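Read off the chains here:
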Amino acid sequence: MAKTLEETTKMAAKAGKNGNKKLSALTGNEAVAHAMRQINPDVVAAYPITPATEIVQIFSSFVANGQVHTEYVAVESEHSAMSATIGACAAGARAMTATSSQGLALMWEMLYIAAGLRLPIVMPVTNRALSAPINIHCDHSDTMGARDAGWIQLFSENSQEAYDNTIQAIRICEHPDILLPAMVTYDGFIISHAMEVVRIEEDAEVKEFVGEYKPDIYLLNTDKPVTMGGLDFTDFYFEHRRGLADPVSKVKDVVLQVGAEFKKQFGREYGLFETYKLDDAEYAIVVLGSTAGTAKVTIDDLRDRGVKAGMVKIRMFRPFPYDEVAKALEGKKAVAVLDRSDGLAGRGGPVFGEVRNALCDWPNKPVTVGYVYGLGGRDIGPEMIESVYTDLQEIAKTGKALNLVKYLGVRE
Amino acid sequence: MANIKELSKQPIKFTGGHRACSGCIAPIVVRMMYMAAGETPVVTTCATGCLEVTSTLFPYTAWTQPFIHSAFENSAATISGVEAAYKSLKRQGKYDKEVRLVAFGGDGGTYDIGFQALSGAAERGHNFVYVCYNNEAYMNTGVQRSSATPKGAYTTTTPVGIMEPGKKQFPKDMTQVMAAHDIPYVAQGSPSFWNDLITKFQKAMEMEGPAFINVLAPCRLGWAYPPEEGIKIGKMAVDTCYWPLYEVVNGDTRVTYKPREKKPLAEYLQMQTKFRHLFKPGMEDLMAELQAEVDRKWERLLRMAGEA
Ligand SMILES: Cc1ncc(C[n+]2csc(CCOP(=O)(O)OP(=O)(O)O)c2C)c(N)n1
Ligand code: SF4
Ligand SMILES: [Mg+2]
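Cut-offs used in this document
- Residues numbered from 1 in each chain as written.
- Chains lettered and ligands numbered in written order.
- Predicted model: local features only at pLDDT ≥ 70, side-chain atom pairs only at ≥ 80, totals over all residues.
- Heavy atoms only, no water.
- Core = buried A, V, L, I, M, F, W, Y, C linked by side-chain atoms within 4.5 Å.
- Buried < 20%, exposed > 50% of the residue type's maximum accessible area, 1.4 Å probe, protein only.
- Contact = heavy atoms within 4.5 Å.
- Near = heavy atom within 4 Å.
- Polar contact = N/O pair within 3.5 Å; in protein donor to acceptor, adjacent residues only side chain to side chain.
- Areas by Shrake-Rupley, 256 points an atom, 1.4 Å probe, with all protein chains shown as cover.
- Helix = DSSP H or I, 4+ residues; strand = E, 2+ residues; numbered from the N terminus.
- Nonpolar A, V, L, I, M, F, W, Y, C, P; charged D, E, K, R; others polar.
- Domains from an automatic or database assignment.
- Buried area = accessible area lost by both parts, 1.4 Å probe.
- Salt bridge = Lys/Arg side-chain N within 4 Å of Asp/Glu carboxyl O.

1. Focus: the nonpolar core
(1) Moving on: Counting residues in hydrophobic clusters, the biggest one holds 133 residues, and the most contacted among them are Ile86, Leu111 and Trp151 of chain A together with Phe104, Phe201 and Tyr268 of chain B.
(2) Moving on: With near-sequence residues (within four places) excluded, Phe201 of chain B lies in contact with Val29, Met32, Met33, Ala36, Val131, Ile213 and Val215 of chain B.
(3) Moving on: One finds Ala35, Val198, Phe209 and Met316 of chain A within the second-largest nonpolar core, a separate group that totals 73 residues.

Set out below in C-alpha cells:
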C-alpha cells in the first residue's frame, strides 16, 4: 500500500538502525530489504508493485543514505527490470530485483532468458494474485505461472524465513555447479506487511556468509570476449536446453549443503521441506507459505483431541523434491494438498499435480485429494484446515474420495 | 574527423562469415562503430533481429568483442544494466578498464517494441550509445511494416493491391523523438557517408550520457536492389534529403551534410523495387505528396539549424 515519504524514511531509518541488532520487529518486506542491504548487491534494478513496493522504497533509502554500494536503476517497467538485471549480472555484477504478480507476469519472457543464460539472479517475489479481476492480495498464481522457467523457487512461511531464504539463495544460485536464478517467495500482506519478531544477523556475518561474487565468464572481461545469447538452430538448441537439466539436478544437494552451513552459522535449520508432527501422522496435508503457520496451530489442536494430524510444508518448490516428498508421505492414510492457486488444468492446482506425480510409483501410497483455497487473499483459518482433516478421516474410512479436487472457503 | 589512413590500418572487429545477405548494410554500420571506438573495447547489446541472428549462429560469432543479445524489446534496458554494473564495480574499485557501451536495435526494436525501454534508458541518463540500424521494416521475420516504414512502401503487411498503395502512413520521426528527450547527443547518419558517420559515433562515445544515432541501413531483401547498390542507395537517400544527415548536440541542431543539388525523391525511390508500384499511372498524387513531405521536413530541419 502507498506509504508517505515520511513513513518510508522512518521505515528505512528504523531498518538501518536495527541492522546490527539481533531481534527486531519487522514486516516481511522490511526483513527482505534488510537481507538485500546485507547482501549489498552491485546492482538492483526494480519497479514498484504492491505488495513488493516497500522493498524497492526501503532499498532506495539504503542507497540514498550510503548504506550500500549498490547502483540502483529505477527502471520504467518490470520487463526492463529483469532485462537490466540480466545485463548487469551478465556484465559481472551481483544483481537483484524484486516484484509481485503483474510485474512477474510482465517479466515472463526474460525469466526464461535469465535461466537460459545461466545467470545467478536472486529475486524476492511477494506473492499476489494475477488479474483479472485485478486484486492486490495474496495467492500463488504469480509464482506458479513461472514455475517452469528454470528458476529455483523457495517459499517462505514467515518473515524470518523470507530473510533467511534470501541470504541462502545467493549462495545457492552462485554455486559453481548451479548458476541458475532463484525466486524467494513470501505471502503478500499476510507476511509482507505483518510485523513479526525477526532475527537479523550481524552485517559482517552475513557478508561473510554470502561471500564475493566472482563470475568466470562476464561481459566486462574484455580480455576474454564472449558472445552471450546467440542463435541456435535445430543442431544445438536441444543440447543447450538439455544442459539446463544438469544444474537443476544438483540444486537439491546444494540447497541442503547451504542449509547446513546456514544452520552452523546462524542456528536455524532448512531442508527441502519441513515436516510437522508427520512421523506418526495418519492424515497429512501439504502446504506452501504462511498457511503452514495456521496449520501448525490446527494440528496441535487436533492432536489434543486425538487426531493424528501432520503436515509437509514445501520450501523448495522448484526443482520439486519428488522422491523425498513421496517418502515423507508414504504410508499415510490420506493426504490433502492445499493449493493457493488454481491450475485451471482441469484437476486442481500445481502442487497437487506435483505431489501426485511424486507418489505415483510409490507402492504404499496414500489416497490424495486437492484443495484450492485462498485466492485473491481470501483468509484461511484453523476451522477451514480442520475441515480438511475431517474430510481426510472420512476418505480414509473408504479409501476413496468423492471429490478429487475441492474449493475451500468459496461461495459456490 | 576520422582519418581514413588510420582507419584502414585497424583490424576488422566484426568479422566476415556472418550470415547477413550479400549487400546488407547493417554489418557495415557495426564495423564503422568499432572503427570509431579504436583501441577502446566496446561491450555491445543487440535486439533480436537480422543483425543479431545473422552474426551469432552458434558455434560461430562475428563479434570479436563482448556481446549480449537477450530479447527483442530490451537492448536499451540490457545496456542500462551493463552500465550500472560498470559504474558500480568501478566505484568499488573492482574494475578499472575504460570501455564503451553500445546498444544496437533494428527499427522494429527501436521505434516499436523497444520504444519504451529506450525512452526509459535515455531519461535515466545512462552513459551509452544507442544505434538504430534502420532498414525500415521487420526484415528478420520477412519484411513486415514498422513505424519506420516509409509511406507508399510495399511490405508483406502493407501489400500493394487495387485498394491499397502500400503503407498508408508516414514514418515516426524517431530521431526527433529522441532529440525531445533532451539527451546530450542525437544524430542521423548513413554509412554511405563514412566520415560523417564515424565522426558521429566518436562524438557520441565521447559524450557523457545517452546518445542516439539513427542510421539508415538499406536491406537488400526488403528494399529489393542488386547487392552492390546498397551504399549508392544510401547516398541517394541523403542527396534527395529523404534522409538528412544532422546532429543535435545538447539541444542545438546542425546539418552535417548539405547536398549541393537536392535531387528529386523519385530518383531514390526508383532504385528500390519496394516502391515500383509508385511509378505506375495513377500514382502521381501520392508521389507528389511524398515529395512535398520530404521538402517540408528538410525546410523545417534547416530552420531548426538556423539555416533558413
Ligand atoms: C517479443 C517478440 N515479438 C516478436 C518477435 C519476432 N521478431 C523477431 S525479430 C523481429 C523483427 C525485427 O525487426 P527490426 O527490429 O526492424 O530488425 P531487422 O530484422 O529488420 O533488422 C520480430 C518481429 C520476437 N523475437 N520477440
Ligand atoms: S534481410 Fe535485409 S537486413 Fe536482413 S540480412 Fe538480409 S539484407 Fe540484411
Ligand atoms: Mg528493421
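2. Structural notes on the site of ligand 1
(1) Moving on: The immediate surroundings of ligand 1 are formed by 18 residues, with Gly108, Gly109, Tyr133, Ala137 and Met139 of chain B found nearest.
(2) Moving on: Of the chains in the model, those with residues near ligand 1 are chains A and B.
(3) Moving on: A distance of 2.8 Å separates an oxygen atom of ligand 1 from a polar backbone atom of Gly108 of chain B.
(4) Moving on: Between an oxygen atom of ligand 1 and a main-chain N or O atom of Ala137 of chain B, the distance comes to 2.9 Å.
(5) Moving on: Here ligand 1, which alone exposes 580 Å², has 78% of that area covered by the protein.
(6) Moving on: If you tally residues by element for the shell around ligand 1, the top one is helix 5 (residues 107–112) of chain B, at 3 residues.
(7) Moving on: Considered class by class, the residues forming the shell around ligand 1 number 7 nonpolar, 8 polar and 3 charged.

3. Thoughts on the domain arrangement of chain A
Residue and element names in this part refer to chain A.
(1) Moving on: Per the domain assignment, the segments of chain A are domain 1 (11–266) and domain 2 (273–408).
(2) Moving on: A separation of 28 Å is found between the C-alpha centroids of domain 1 and domain 2.
(3) Moving on: Domain 1 puts 27 residues into the contact, and the matching count from domain 2 is 24 residues.
(4) Moving on: Between domain 1 and domain 2 the total buried area reaches about 2,100 Å² when both faces are included, carbon and sulfur atoms providing 55% of it.
(5) Moving on: Put simply, domain 1 and domain 2 have 5 salt bridges between them.
(6) Moving on: Lys313 is the partner of Glu157 in a salt bridge, and the nearest nitrogen-oxygen pair spans 2.8 Å.

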